[in-house]
Every structure is written in structure tokens, then in C-alpha cells.
Amino acid sequence: MEEDIAPHRSRLPTPGGPTGLSRIPGPPLRWSSPLGAPAAPTKRSCLSVTLRRAGGCGGGPPWERLRGPAPITPVPPRPRPTAAEGPQRRGSPGGVEAAPAAKMWVPCSLPRSGPVESKNEAAMSELVPEPRQKPVVPMKPMGINANLLGYIGIDTIIEQMRKKTMKTGFDFNIMVVGQSGLGKSTLVNTLFKSQVSRKSSGWNREEKIPKTVEIKAIGHVIEEGGVKMKLTVIDTPGFGDQINNENCWEPIEKYINEQYEKFLKEEVNIARKKRIPDTRVHCCLYFISPTGHSLRPLDLEFMKHLSKVVNIIPVIAKADTMTLEEKTEFKQRVRKELEVNGIEFYPQKEFDEDLEDKTENDKIRESMPFAVVGSDKEYQVNGKRVLGRKTPWGIIEVENLTHCEFALLRDFVIRTHLQDLKEVTHNIHYETYRAKRLNDNGGLPPMTVETEENHESNL
Amino acid sequence: RKSVKKGFEFTLMVVGESGLGKSTLINSLFLTDLYPERIIPGAAEKIERTVQIEASTVEIEERGVKLRLTVVDTPGYGDAINCRDCFKTIISYIDEQFERYLHDESGLNRRHIIDNRVHCCFYFISPFGHGLKPLDVEFMKAIHNKVNIVPVIAKADTLSLKERERLKKRILDEIEEHGIKIYHLPDAESDEDEDFKEQTRLLKASIPFCVVGSNQLIEAKGKKVRGRLYPWGVVEVENPEHNDFLKLRTMLITHMQDLQEVTQDLHYENFRSERLKRGVLVPVIQQLHTEVLEVT
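Procedures and definitions
- Residues numbered from 1 in each chain as written.
- Chains lettered and ligands numbered in written order.
- Predicted model: local features only at pLDDT ≥ 70, side-chain atom pairs only at ≥ 80, totals over all residues.
- Heavy atoms only, no water.
- Helix = DSSP H or I, 4+ residues; strand = E, 2+ residues; numbered from the N terminus.
- Buried < 20%, exposed > 50% of the residue type's maximum accessible area, 1.4 Å probe, protein only.
- Lys, Arg positive; Asp, Glu negative; His and termini not counted.
- Charge placed at Lys NZ, Arg CZ, Asp CG, Glu CD.
- Contact = heavy atoms within 4.5 Å.
- Buried area = accessible area lost by both parts, 1.4 Å probe.
- Salt bridge = Lys/Arg side-chain N within 4 Å of Asp/Glu carboxyl O.
- Disulfide = S-S within 2.5 Å.
- Pairing = 2+ DSSP bridges.
- Axes fitted to C-alpha atoms, helices over the stretch in contact; angles between N-to-C directions.
- Expected span 1.5 Å × (residues − 1).
- Bend = angle between axes of the 7 residues up to and from the residue.
- UniProt positions renumbered as here; feature names shortened; annotations may be inferred.
- Parallel < 35°, antiparallel > 145°, perpendicular 65-115°, else oblique.
- Nonpolar A, V, L, I, M, F, W, Y, C, P; charged D, E, K, R; others polar.
- Phe/Tyr/Trp six-rings, centres within 6.5 Å; stacked < 30°, edge-to-face > 60°.
- Lys NZ or Arg CZ within 6 Å of the ring centre and 35° of its normal.
- Core = buried A, V, L, I, M, F, W, Y, C linked by side-chain atoms within 4.5 Å.

Undergrad: Looking at this model, I keep getting lost on the overall build of chain B. Mind explaining?
TA: Helix and strand counts for chain B come out as ten helices and nine strands. Oriented by its inertia axes, the alpha-carbon framework of chain B measures out at about 75 × 50 × 40 Å. With 296 residues in all, chain B has 51% of them scored as buried. Across chain B, the 42 positively charged side chains and the 48 negatively charged ones have centroids separated by 2 Å.

Here it is in C-alpha cells:
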């Protein structure tokens, strides 16, 4: 049984935990996200297993590798999900999509929702493990007599995936971009509740602001609830700090493409690794200076160039400098500016798969960019110890939603959309890159990739 | 007494990246709204814009003392992606005012020379950074021989007290490291009273000033104060424990005269000697010069 890995995202829900990490492949519950009411459980309980994978099978979340050696068939790369594919991916509870071509399963309702309707039976008869146009998984054909009169135990796959993930862990690569002093390192440390980013609390005499943008990747292993996450924080010191900042985004774009290239190279190897190490940037947090006016020209330029290459999540840094009205006004202005200039930040509207996605993401998009405050210090407030900033006129509580939107950002990035970020990176950004590379040369000529010169790995 | 009747003229230039709170601070300092119809351009417009010079004059009268204050604003500074040419416009403006004064001074009718020279420049440093940026350093070095620089950190409500101290120290260290000459308050005369001496000491120790500007009245502790209302508390503009606004205002008012003098005696004279070395201003003066040279 496979989880769906088509060029769109299927999101495995992650009920919130201390950082939500332990539940990445958790039971298909719908947690209550801070942004909205919990959705109906039935939707999540469906496991749609439409296998439609454009292009080769590469690395990705470990559970994608659970299937056996799937044949790669030359398929014209389809980086973007077309409208037609959308509805087929996830079925409505109990519904069946009789889609053409390699469809292994139909979306079925799991025992939780009662016995499967008869429509499923007909669809199930389509189960044929034939390598066709799209790579499929060789499966044992199920009997036609699949009236679920009893409990089969299909839902235990969730548990199996969970166990696998716990064993292998997963990668997450987050990049932070913004002028120095905007609190990038503090925010990342606050997000993952650990010292994953070395604070450059002032450039020392010996350590000046770099003349060009540097890329510094530092890896950490974070463990929670038995799940290991290999977190890599990619810092970009020097961005926007010079007098002349022309093209200062180029080293960043180059780095991102290099990671795609690295992955591509692994993917096309004859003897491939079982699990390709994923160094691709899954998420880029872009820090906007809280001027209260508008975006800066550099912000616009950066996001214009990079929003098509990586998932950009803009955040308003050091938001404790704005009152509530100023915040709302500023956010509106920024959203408008981004829209007018055709910049799509994550979650991108064009990748919303269904109505549910759209409503949820619309809500998120309306409240972005999140105005955040970060801190690694704790203070006593009303008898509780909270993360915050102490000033003569009060204590700013980082996790208090009336003070700032840090909790929203954290839940968004880690608890609800972590998997989605990875999938969009893999299924869309990476595929776009791959398609471009394949089309450009009709093959894969060698491209120089900077290896470990620029990376510090502290594992 | 006569000068009091005549009134004072003072030109204050304000320089800093957009969004650092410059306009709010100026409005707060002089309890006025100098920018009533202000439109803030978006990022796309800023890409095309170059640095502008906008001078607004306001007449303030308090207890019989008239002040004709000109605030010279520099929108566009620090906005562009490439700020290499950021300060050309500003330096030209300062030089132009000197040139004009020199011309008037060398002219026949010297009774009513209008002094539009820039007497003081508030340079706004971002509270979000770790200290001075390369642009800050370059700009200050380019104008420190032409105008009195008073470094100011606005939007100081984003800093905790410790961060504030650290930032101030950092900036002072960097100013010294790069040899930037900022305006130094003169020490109090020995015949001044203790209070004044103490005040001067305090002022000197607080540079650069960390200020918060606002003209909004907020209810705090039973009274109405100018401040900013946050969910976690109220920042009071005129509370010395919250920020250095009062110190900045005091410094400006009590040292207005001194700022003018230093501009005249130091910066203007610098400009004048450089200028005269380079070229002829008025033939009569040139002749006098050559005569002096012939004598020596």
C-alpha cells in the first residue's frame, strides 16, 4: 500500500505536540489548528493511493521508499498538477474516482466510517499491478470479494509508516534570509526550541559583515517522541547588508539550484542509494524589516527571483515595534504589494488541491506574513514561565497570540505544513528544475556542483 | 535681547532609511505635523526613485521666543538596492547652502543674510541591526566635516534596556574605530550650577539617543500621555525610563546656539577655505587675497 506521491501534496496530518514532530506520520486525526476549526475526520481517514508519478522515483520521505523497485518509465515530466488530476487524488469519503490509467486503489472509507460501498468493489477489480504509463507498485491482487465484512487492518499502514519514520527519521532544510540583526537566528532557535542557529549577536571586531553573501548550512538532529529529525538551518549572512546589494540573491539562488542538481544526479544514477540524502531547501523564511511603510525594493527583487524556485514564507521580524493597527495595515500593504508584483508565497494558490485545502490555506494566506517576535529567554508571567522579552513597560510573550504571531508561524511550519513544504519542494520546484535540465540538454551533462566546501556540518 | 526679538533660524536635516520613525520623531519633537499630506510610496516606486531633498519650514513661538525651523528631509536615502550614489544629492545640498552663504557674505549688502546652512543632522540608525551598517559608516564619514552629526536610534521600543546599552556601546565603538566625528556637547562651564553640570554629563553619557516618537495620546496610569499602546503595555514618549526623547529634546533646545556656532566656526570655515583655494568668488576678494599673498 502506498501513500500517494503524485505531483501534488497529500498531507499527513500532524497533531500538535510540543513541536509536533513526533506525529509527522501520525494517525490520521485532524488536530485543531490555531487558524480554524477542526475539519471533519472522514476526509483524513481516507487513504488515497493513486499512483501517478511523473518522472523517476527519487528520495523523499522515507515511507515513499517502502515500495519495491519500481520501474522508471520515460514520462514527459509534469511538474504542475493539472486541474484534471486534482479531484482524483483524494477521494471524497466513501467515494470512488474511476480515473483512467494506473489507478491502484480507489479512495475508500476506512472501517471507521463503516463498510465500504459497493462502488469500491468495482473499482477494486481494476487492481492490476502492471507497469504501465505511470510507475505502479507491484501488488498482490486482492480478491474481488472484498466486501469488508470484517476488519482487515488496512488502517494499520499508518502505524507501519509511523514506525518506519521513527526508525529512519526525516530531513528538513530551512533557509533564513534577511538583513543582519532582524532576529533570524533567535527565531529559528525559538521555533525548534534549541540552539540550532548560532547567533551573530554583533559582528566581532574580527568578524566583519561579509562582503558577499555567504551560505552557511548547519545540521542538527532533533529528537522528540522517538522521531528523529535532521534539521538543517541554512543561514545567509551578508544578504542586504552592503551599500550595493545588486544581485545579492544570486548566491542564494545558486545554492538552491545546486541542491536540486545534487539530488538529480543521485536520482539518475544506475546504482541508486535507497534513500537519497535530501539537502534541498524545503522552506525559505524571508525576514521583512518592520518599517511600517512597505516592502523594500530589495525584498521585492529577492522574492520575485526566488518564489518560483523555493517555498518562500515571508515573516515580519521584530514585530514588537508595531502596534496592532500598524501591524494590520502593514500586513495588508505587503500582501497587496506582493500580489501586484505577481509574487506567490507559500502556500501558493495554484497548488491548492481541493476546496478544503483552499479554505484552510486562504485563511493562512490572509494572515500572512506573520508578525513574529523571537526569544530564548524565559520570564515569569502570572505564575508561568514563558518565553519573552522584558521591557520597562511590560513583558512581550512570544507564544501569546495577542502579542505576536509566533505560535501561528510555528504551527504552520512545523505542525501542519511541514510535510507539505517538503512535498511541494519535491513535486513541484524540484520537478520544474529537473524538467528544465532535461529539456535543456536532452540528457544530463555534468554540471559542477560545489560539494562540502561551503558547508559546516555539525551532526 | 535683540536676537530674541529677531528670532532664531535653525536648519535641521534628517537622514535615515525609510521606516525608521524619522517623521514621527520630528513631529513629536516640535509638537506639530510637518507632513500632513504624506503618501508613502510602495517598493516598486522606490526602485525608480533617487534621493530627494524636501525642506519644510515652520515657525514656532514659545514664551516670546520665535524660532524659524527648517527641517530638511531626505526621502529615498538607503532605499535603493544599490545605494552607492545615495549621498551625492545630500552632500550637494549641504554644499549649496554653504556656497550661497559664502556668496552672500562676500556680497555688498550683508545685512540680511539668510542662513540656510544645515546646522545639525540627525542621522537615524536602525535599532534592528547589530550596530552601524556599511552605509551608515560611509555616509557619516562623507559629511562629518560639513555638518554636526547627532546619531539617533529611533523606534527604541523594540529594544530591551540591556540591548539598548549594548547597541549604544557598539555604535560608539564603531564611530571611534572609523574615525567618525560626531557632534560633541561642550562641557558645562565651571561657573554653571551643579544641576546644569549634571544634566550635561547625563546628556553626554546617553549619546546616541534611543528615542520613541509619538503624538498620540494614550491613557496610562490615570493620565493622558503621548505614547504607543501595545498589548503588553504603554510606551511613554516623555518618560525618561522608557526612552531618551526628553534628553534629545533638551539637548537640541539648550544647544541650538552652540550647534549654530560650530557650524559657523568649524564647518563653514572649512568649506570656505577649501572653496577659496579652489576658485575665485568675487574679484575684489580675489584681489585682496593676492595682495595679502604678495605681502607675505
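Here the narrative resumes.
Undergrad: For this particular structure, what's the right way to read the interface of chain B and chain A?
TA: Where the parts come together, the accessible area they lose is often given as the size of the interface. In this complex, chain B contributes 47 residues to the contact, which on the side of chain A involves 48 residues. Summing both partners gives a buried area of about 4,000 Å² for chain B against chain A, and 56% of it is carried by carbon and sulfur. By the criterion of area lost to chain A, the three top residues of chain B are Ile81(B), Phe128(B) and Trp232(B), representing 22% of everything that side buries. For the pair chain B and chain A, the interface holds two salt bridges.

Undergrad: Please explain the state of the cysteines as it appears in this structure.
TA: Covalent bonding between the sulfur atoms of two cysteines is what defines a disulfide. On inspection of all chains with the given rule, the structure shows zero disulfides over all chains. No disulfide involves Cys86(B); its nearest neighbouring cysteine sulfur is the one of Cys83(B), lying 4.0 Å away.

Undergrad: Looking at this model, I keep getting lost on the sheet that holds strand S7 (residues 378-381) of chain A. Mind explaining?
TA: In a beta sheet, neighbouring strands are held together by backbone hydrogen bonds and run either parallel or antiparallel to one another. Residue and element names in this part refer to chain A. Taking strand neighbours across the sheet as the criterion, the three strands line up as S7-S8-S9 in an open arrangement whose pairing is antiparallel. Two strands close off the open sheet at either side, each with one partner strand: S7 and strand S9 (394-397). On average, adjacent strands in this sheet sit at an angle of 65 degrees to one another, irrespective of strand direction. Where strand S8 (residues 384-391) and S9 come together, four bridges link them in antiparallel fashion. From the neighbouring strand, Lys390 faces S9, where its bridge partner is Ile395.

Undergrad: Where do I start with helix H9 (residues 256-278) of chain B in this structure?
TA: Each full turn of the α-helix corresponds to 3.6 residues, which orients residues three or four apart in the same direction. Residues and elements named next belong to chain B. Between its first and last C-alpha, H9 extends 31 Å over 23 residues, near the 33 Å set by a 1.5 Å rise per residue. At Tyr268, H9 shows its maximal bend, which comes to roughly 35 degrees. Among the residues making up H9, those that are buried are Met256, Asp258, Leu259, Gln260, Thr263, His267, Tyr268, Phe271, Arg275 and Leu276.

Undergrad: Sorry, what's going on with the UniProt feature "site: Important for dimerization" (unreviewed entry) in chain B here?
TA: The UniProt record marks Phe128(B) with the feature "site: Important for dimerization" (unreviewed entry), using the residue numbering of this structure. As for its placement among the helices and strands, Phe128(B) is situated in the loop between strand S4 (120-125) and helix H5 (134-143). Non-local contacts of Phe128(B), meaning those with residues more than four positions away in its chain, are made with Ser180(A), Gly181(A), Leu182(A), Ser289(A), Pro290(A), Lys318(A), Thr321(A), Lys155(B) and Thr158(B).

Undergrad: Looking at this structure, I do not really get the packing of helix H4 (residues 88-105) of chain B against H9(B). What am I missing?
TA: Describing two packed helices takes the angle between their axes plus the distance from one axis to the other. Residues and elements named next belong to chain B. Axis separation between H4 and H9 bottoms out at 10 Å; the angle between their running directions is 85 degrees. Classed by the angle they form, the pair H4 and H9 counts as roughly perpendicular. Touching Asp95, Phe98, Glu99, Tyr101, Leu102 and Glu105 of H4 are Thr263, Gln264, His267, Tyr268, Phe271, Arg272 and Arg275, all from H9. For the contact of H4 with H9, a count of residues per class yields five nonpolar, three polar and five charged.

Undergrad: Honestly, the sheet that holds strand S9 (residues 233-236) of chain B in this entry has me stumped. Any pointers?
TA: All names here are of chain B. In space, the three strands of this open sheet follow the order S7-S8-S9, with antiparallel pairing throughout. Edge positions in the sheet fall to strand S7 (217-220) and S9, since each has one partner strand and no second. Across this sheet, the average inter-strand angle for adjacent strands is 70 degrees, counted without regard to direction. Both strand S8 (residues 223-230) and S9 contribute to a ladder of four bridges, which runs antiparallel. Its bridge partner lying in S9, Leu229 is registered against Val234.

Undergrad: I would appreciate a short explanation of the pattern of salt bridges in the present structure.
TA: Pairing between side chains becomes possible if they bear opposite charge and their charged atoms approach one another. Evaluated as defined, the whole model comprises 41 salt bridges over all chains. Glu326(A) is the salt-bridge partner of Arg228(B), the closest N and O atoms lying 2.6 Å from each other. Of the two residues, Arg228(B) sits in strand S8 while Glu326(A) sits in helix H8 (residues 324-340), which places them in two different chains. Look at Arg228(B) and you get buried, because its relative accessible area is 10%. In this structure Glu326(A) comes out as partly exposed when scored by relative accessible area, which is 30%. Put simply, Lys193(A), Glu399(A), Arg410(A), Asp411(A) and Arg415(A) are held in one network by salt bridges that share partners.

Undergrad: Can you help me understand the packing of aromatic side chains in this one?
TA: The description of an aromatic ring pair uses the distance of the two centres, along with the angle that the planes make with each other. All told, the structure shown has 16 aromatic pairs over all chains when counted by the stated rule. Residues Tyr77(B) and Tyr123(B) carry aromatic rings whose centres are separated by 6.0 Å and whose planes lie at 85 degrees to one another, so their mutual orientation is edge-to-face. Of this pair, Tyr77(B) sits in the loop between strand S3 (65-73) and H4 while Tyr123(B) is found in strand S4, placing the two residues 46 residues apart along the sequence. Tyr123(B) sits in the buried class, given a relative accessible area of 1%. On the basis of an interplanar angle of 35 degrees and a centroid distance of 5.2 Å, the ring pair of Phe98(B) and Phe271(B) is categorised as tilted. In this pair, Phe98(B) sits in helix H4 while Phe271(B) sits in helix H9, placing the two residues 173 residues apart along the sequence. Both residues of the pair, Phe98(B) and Phe271(B), belong to the buried class. Above the ring of Tyr430(A), the side-chain terminus of Arg280(A) is found at 4.8 Å from the ring centroid. Seen from the ring of Tyr268(B), Arg117(B) lies directly overhead, with NZ or CZ sitting 4.7 Å from the centre.

Undergrad: I'm lost on helix H2 (residues 22-29) of chain B in this one. Help?
TA: Residues and elements named next belong to chain B. Burial analysis of H2 places seven of its eight residues in the buried class, the great majority of the element. For H2, every residue scored as buried is listed here: Lys22, Ser23, Leu25, Ile26, Asn27, Ser28 and Leu29. Contact partners of the buried residues in H2: strand S1 (8-15), S3, S4, strand S5 (149-153), S8 and helix H8 (245-254). One or two steps after H2, the chain reaches Leu31, where phi turns positive at roughly 50 degrees.

Undergrad: So what exactly am I meant to see when it comes to the environment of Gly238(A) here?
TA: All names here are of chain A. Here Gly238 lies in the loop between strand S3 (227-235) and helix H6 (250-267). Along the sequence, Gly238 and Tyr255 sit 17 residues apart, while their C-alpha atoms lie 15 Å from each other. Beyond its immediate stretch of four places on either side in the chain, Gly238 contacts Pro210 and Val213.

Undergrad: Explain the nonpolar core here, please?
TA: If you look at the biggest cluster of nonpolar residues, it comprises 162 residues, and the most contacted ones within it are Phe192(A), Leu285(A), Phe302(A) and Ile313(A). The element contributing the most residues to this core is H4(B), with seven residues. If sequence neighbours within four positions are ignored, Ile313(A) has contacts with Cys283(A), Cys284(A), Leu285(A), Tyr286(A), Tyr346(A), Met368(A), Leu409(A), Phe412(A), Val413(A) and Leu421(A).

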